[in-house]
Amino acid sequence: MVDHLPLGTEAQRPLPRQATLALLVGRITTIKLAYWAALTVFELVLPLDPRPRDERFASSIAFAALATFLALLWAKRSARAIDPRVGGISRSIPTIATTFAAATVVASPASLPLLLVERQRSIEGCVGSITCHPEALWLWVATLFIGFLVIPAMFAISLRSSR
């Protein structure tokens, strides 16, 4: 009963429907899966480049920056897109919470293959399989932060105002 008590004098907005939340989960999950898949595929193909490791790492950073930029644009556009069946997704506490929950729970395992690739990069050419190139792991930490917080935040901020 407490959930249905009015908090103010303004008209109460309807809670998001299941179809709206499913659309939101699908959109943010697709963006994050594509982001980490692109980064992972790039890192798997990178050793085919004959340049020295340090030069290849610069390419990794540049690609990660490009992938991040494209994912942020996609998140902004996707948050505002109108679905012909469900309509738009408006900004509310449930939709923002769902954005971060979906981003954390559903799409998080997609970052693990990239971790494995970057872990291998961190011990490339090292004695005793001890990390001597920690920057590869820092790249993974940065993309993890972007995937967990920055992309969902861009999506949440870009949702249409419900007013």
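For the structure, check the block above.
Novice: Tell me about the packing of aromatic side chains, and please be specific about residues and values.
Specialist: Per the stated rule, a full pass over the model turns up three aromatic pairs. Residues Tyr-35 and Trp-36 carry aromatic rings whose centres are separated by 6.2 Å and whose planes lie at 50 degrees to one another, so their mutual orientation is tilted. Here Phe-42 and Phe-63 contribute two aromatic rings whose centre-to-centre distance is 4.3 Å and whose plane-to-plane angle is 5 degrees, an arrangement assigned as stacked. In this pair, Phe-42 is assigned in helix 1 (residues 18–45) and Phe-63 in helix 2 (residues 53–80), connecting sequence segments 21 residues apart. By relative accessible area, which is 23% here, Phe-42 ends up partly exposed. Clustering of aromatic rings is evident, with ring pairs tying together Tyr-35, Trp-36 and Phe-148. In this structure, Lys-32 is placed above the aromatic ring of Phe-148, and the distance from its NZ or CZ to the ring centre is 4.8 Å.

Novice: Describe the nonpolar core, with residues and values.
Specialist: Proteins that are soluble and globular tend to have nonpolar side chains buried together. Grouped together as the largest cluster of nonpolar side chains are 27 residues, with contacts concentrated most on Ile-28, Ile-31, Tyr-35, Trp-36, Leu-39, Ile-151 and Phe-155. Those elements giving two or more residues to this core turn out to be helix 1, helix 2, helix 3 (93–105) and helix 5 (134–158). Once residues within four sequence positions are removed from consideration, Ile-31 is found in contact with Ala-71, Trp-74, Ala-75, Ser-78, Ile-151 and Phe-155.

Novice: Tell me about a nonpolar patch on the surface, and please be specific about residues and values.
Specialist: On the surface, a nonpolar cluster with roughly 420 Å² of combined accessible area is contributed by Val-41, Leu-44, Val-45 and Leu-48. Relative to the helices and strands, Val-41 is located in helix 1.

Novice: Any chance you could break down the environment of Ala-101 for me, citing the residues and the numbers?
Specialist: Within the secondary structure, Ala-101 is located in helix 3. The spatial distance from the C-alpha of Ala-101 to the C-alpha of Phe-148 is 9.7 Å, given a sequence separation of 47 residues.

Novice: Tell me about the side chain of Thr-98, residues and numbers included.
Specialist: Its place among the elements puts Thr-98 in helix 3. Leave out the neighbours within four places in its chain, and Thr-98 touches Leu-21, Leu-24 and Val-25.

Novice: Tell me about empty space enclosed by the protein, and name the residues and values.
Specialist: Scanning the entire structure with this criterion turns up two cavities of 30 Å³ or more. Volume-wise, the largest cavity comes out at about 50 Å³. Along the walls of the largest cavity sit Glu-43, Leu-46, Arg-53, Arg-56, Phe-57, Ser-60, Glu-118, Arg-121 and Ala-136, which together make up its complete lining. Here the lining of the largest cavity takes four residues from helix 2, the largest share from any one element. Residues of the lining of the largest cavity, tallied by class, amount to three nonpolar, one polar and five charged. Lining the second largest cavity are Leu-39, Glu-43, Ser-60, Ala-64, Leu-114, Glu-118, Leu-139 and Thr-143. Mapped onto the lining of the second largest cavity, the elements with two or more residues apiece are helix 1, helix 2, helix 4 (112–122) and helix 5. Among the residues making up the lining of the second largest cavity, the classes are represented as four nonpolar, two polar and two charged.

Novice: Please provide a residue-by-residue account of the packing of helix 4 against helix 5, values included.
Specialist: Closest axis-to-axis distance for the helix 4/helix 5 pair is 7 Å, and the angle between their directions is 160 degrees. The orientation of helix 4 relative to helix 5 falls into the category roughly antiparallel. Between helix 4 and helix 5, the residues in contact are Leu-114, Leu-115, Glu-118, Arg-119, Arg-121 and Ser-122 and Ala-136, Leu-137, Leu-139, Trp-140 and Thr-143, respectively. Its residues placed into classes, the contact of helix 4 with helix 5 shows six nonpolar, two polar and three charged.

Novice: Run through helix 3, naming residues and quoting values.
Specialist: An ideal rise of 1.5 Å per residue puts 18 Å on 13 residues; helix 3 measures up with 18 Å between its terminal C-alpha atoms. Three or more residues of helix 3 are buried, namely Thr-95, Thr-98, Thr-99, Ala-102 and Ala-103. For helix 3, the arc enclosing every buried residue in end-on projection is 125 degrees, short of the 170-degree limit, so these residues lie on one face. The exposed set on the far side of helix 3, more than 90 degrees from its buried face, consists of Ile-93 and Val-105. On its buried face, helix 3 is in contact with helix 1, strand 1 (90–91) and helix 5.

What counts, and where the lines are drawn
Residues numbered from 1 in each chain as written. Predicted model: local features only at pLDDT ≥ 70, side-chain atom pairs only at ≥ 80, totals over all residues. Heavy atoms only, no water. Phe/Tyr/Trp six-rings, centres within 6.5 Å; stacked < 30°, edge-to-face > 60°. Helix = DSSP H or I, 4+ residues; strand = E, 2+ residues; numbered from the N terminus. Buried < 20%, exposed > 50% of the residue type's maximum accessible area, 1.4 Å probe, protein only. Lys NZ or Arg CZ within 6 Å of the ring centre and 35° of its normal. Core = buried A, V, L, I, M, F, W, Y, C linked by side-chain atoms within 4.5 Å. Contact = heavy atoms within 4.5 Å. Patch = residues over 30% accessible without salt bridge, like charges linked within 9 Å, V, L, I, M, F, W, Y side chains within 5 Å. Areas by Shrake-Rupley, 256 points an atom, 1.4 Å probe, with all protein chains shown as cover. Salt bridge = Lys/Arg side-chain N within 4 Å of Asp/Glu carboxyl O. 1 Å grid on protein atoms, 1.4 Å probe; cavity = no way out; pocket = protein on both sides within 12 Å on 5 of 7 lines; lining within 4 Å. Points joined across faces, edges and corners; volume = space filled by probe spheres on them. Nonpolar A, V, L, I, M, F, W, Y, C, P; charged D, E, K, R; others polar. Axes fitted to C-alpha atoms, helices over the stretch in contact; angles between N-to-C directions. Parallel < 35°, antiparallel > 145°, perpendicular 65-115°, else oblique. Expected span 1.5 Å × (residues − 1). Arc of directions from axis to C-beta.

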